[in-house]
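Below are the chains, spelled out letter by letter.
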Amino acid sequence: MTISADHPAQQPERGEAPAAPAQNAASEAVRKFGITVEDYMLPARHPIQIVGPDGALNADTEQGAQPGHEYSLPGDAELLAAYEQLVVGRRVNDQNSALVRQGRMAVYPSSHGQEACQVAAALCLSDGDWMFPTYRDSVAVLARGVDPVQTMTLFRGDWHGGYDPARHKVGIQCTPLTTQLLHAVGVAHAAKLRGEDTVVLAMCGDGATSEGDFHEALNFAAVFHLPVVFFVQNNQYAISVPLAHQSVAPSLAHKAVGYGMAGERVDGNDIVALLAVLGRAVKLAREGSGPLLVEAHTYRMQAHTNADDATRYRQDSEVAEWVAKDPLSRMKTYLTGLGLLDDDGAARIADKAETVATALREGLSEDVPVEPLDLFKYVFSTPTPQLREQSALLADELSREVAAK
């Protein structure tokens, strides 16, 4: 079967080559924003930052914007909702780290310090959109509305992912690197073929951009002009490998132009800027501008996982530099300065975060019934002869154990 990209385009004059989909999208952007094709596709010369590390609103000239890359401030209600999710996310990260030490979770890749990226990723989507997270994006899954205990089921070592992806429109978190980008593109392609109003947000880290699946996903999405926003959380390390040993491109966002899509850079610890940049990217994708790539500059404050010793490849002084850029304290200062957050409001949000942490402790402390035959039940819809044989052997062994008691 041959699959061809279906791109509506104006018919070329006799003897002219048809315009490429990326050129059509870029030409539309030139008309919409009044800029050149290059200025549309290339990221702004400086990462977009609306609120500085001190929690103060940057002057217009210091936000990194330039023609075609201007962003409006999110509304007050959106900012408060984002802050609430930030507080919940931070409490969940810290609670899960404690649960790992207590043996209640097998492993947990903390996103302490990266919560702004994950909250913004979830809040920029509509109910009918899809999100494909990485294994480090539990806070994004929570912010999408998935039950906390179901979200963490995978990390306690259960055989299933814990939640229904179709119900929540959230892909299952998994360890294989970058495979979720291909899944995201496939969902976007299917949605386009069905004529659905769906945007897909595909999340990955800087290490994922070194994988072949990253190239395949971006190239397919661009050629087929799919409504996908690729969101790269550049937290400076692919486990122990720093970004400088992965790429010498001006930025990861610059990689977008090689696929014929627009790229943008944003301060990944500034949730105001993240909401603005990701929100516009989703809007452009929904309007038919094709895929876009957003790179967020952030930092993994804690180790890769509880099995990692981060002191072997980075200095404490480097971590300390990023403490001052913390997204949670930055947003709290900004909202307090606007008069949108007072002590009572902060206490109410903290109480909600503690309620979520309590639910996690209680839920992950419960013993999970184990059905050994489930090892074979969900491998294939029609079991192979080998699986049937192995299942029968195990069933016989279990029955003999019961009879011997």
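Our structure's up above, just so we're on the same page.
Since the structure is predicted, the reported quantities are computational estimates derived from the model, not experimental observations.

The rules behind these values
Residues numbered from 1 in each chain as written. Predicted model: local features only at pLDDT ≥ 70, side-chain atom pairs only at ≥ 80, totals over all residues. Heavy atoms only, no water. Helix = DSSP H or I, 4+ residues; strand = E, 2+ residues; numbered from the N terminus. Rg over C-alpha atoms; globule rule 2.2 N^0.38 Å. Areas by Shrake-Rupley, 256 points an atom, 1.4 Å probe, with all protein chains shown as cover. Lys, Arg positive; Asp, Glu negative; His and termini not counted. Charge placed at Lys NZ, Arg CZ, Asp CG, Glu CD. Buried < 20%, exposed > 50% of the residue type's maximum accessible area, 1.4 Å probe, protein only. Pairing = 2+ DSSP bridges. Right-handed = clockwise from strand over helix to strand, strands pointing away. Contact = heavy atoms within 4.5 Å. Polar contact = N/O pair within 3.5 Å; in protein donor to acceptor, adjacent residues only side chain to side chain. 1 Å grid on protein atoms, 1.4 Å probe; cavity = no way out; pocket = protein on both sides within 12 Å on 5 of 7 lines; lining within 4 Å. Points joined across faces, edges and corners; volume = space filled by probe spheres on them. Nonpolar A, V, L, I, M, F, W, Y, C, P; charged D, E, K, R; others polar. Axes fitted to C-alpha atoms, helices over the stretch in contact; angles between N-to-C directions.

Let us now look at the overall build of the protein chain. Of the regular secondary structure elements, the protein chain holds 15 helices and 7 strands. Here the C-alpha radius of gyration of the protein chain, 23 Å, is about what a compact globule of 405 residues would show, namely 22 Å. Referenced to the eigenvectors of the C-alpha coordinate spread, the extents of the protein chain come out at roughly 80 × 60 × 40 Å. Surface summary for the protein chain: the accessible area is close to 19,600 Å², and the carbon and sulfur share equals 53%. Across the protein chain, 33 positive and 52 negative side-chain charges occur, with their mean positions spaced 2 Å apart.

It is a general feature of regular strands that their side chains alternate between the two faces of the sheet. A large share of strand β7 (residues 292-297) lies buried, amounting to 5 of its 6 residues. Pairing of strand β3 (residues 228-234) with β7, which is carried by 6 bridges, proceeds in the parallel orientation. Within β7, the position partnered with asparagine 234 by the bridge is histidine 297. On the question of chirality, the crossover connecting strand β6 (residues 262-267) to the parallel β7 by way of helix α10 (residues 271-286) is right-handed.

Looking now at the environment of asparagine 269. Here asparagine 269 shows up in the loop between β6 and α10. Those residues in contact with asparagine 269 that sit more than four places away from it in its chain are Gly113, Ala116, His297, Thr298, Tyr299, Trp322, Lys325, Asp326, Pro327 and Arg330. Of the polar contacts made by the side chain of asparagine 269, one reaches the backbone oxygen of lysine 325; its length is 2.9 Å.

Below, the discussion takes up empty space enclosed by the protein. The final tally for this structure, using the stated rule, is 2 cavities of 30 Å³ or more. Its volume calculated, the largest cavity comes out at about 100 Å³. In terms of lining, the largest cavity is formed by 13 residues, of which the most central are Tyr71, Gly263, Glu264, Arg280 and Leu292. Element by element, the count of residues in the lining of the largest cavity is highest for α10, at 4 residues. When its residues are assigned to classes, the lining of the largest cavity shows 9 nonpolar, 2 polar and 2 charged.

Turning to the sheet that holds β6, a few remarks are in order. Read from one edge of the open sheet, 5 strands run β1-β2-β3-β7-β6, paired in parallel fashion. Edge positions in the sheet fall to β1 (130-132) and β6, since each has one partner strand and no second. If you compare each strand with its neighbour and ignore which way they point, the axes differ by 20° on average. Across the face of the sheet, helix α9 (residues 212-223) comes into contact with β2 (200-205), β3 and β7 while running at roughly 150° to β3.

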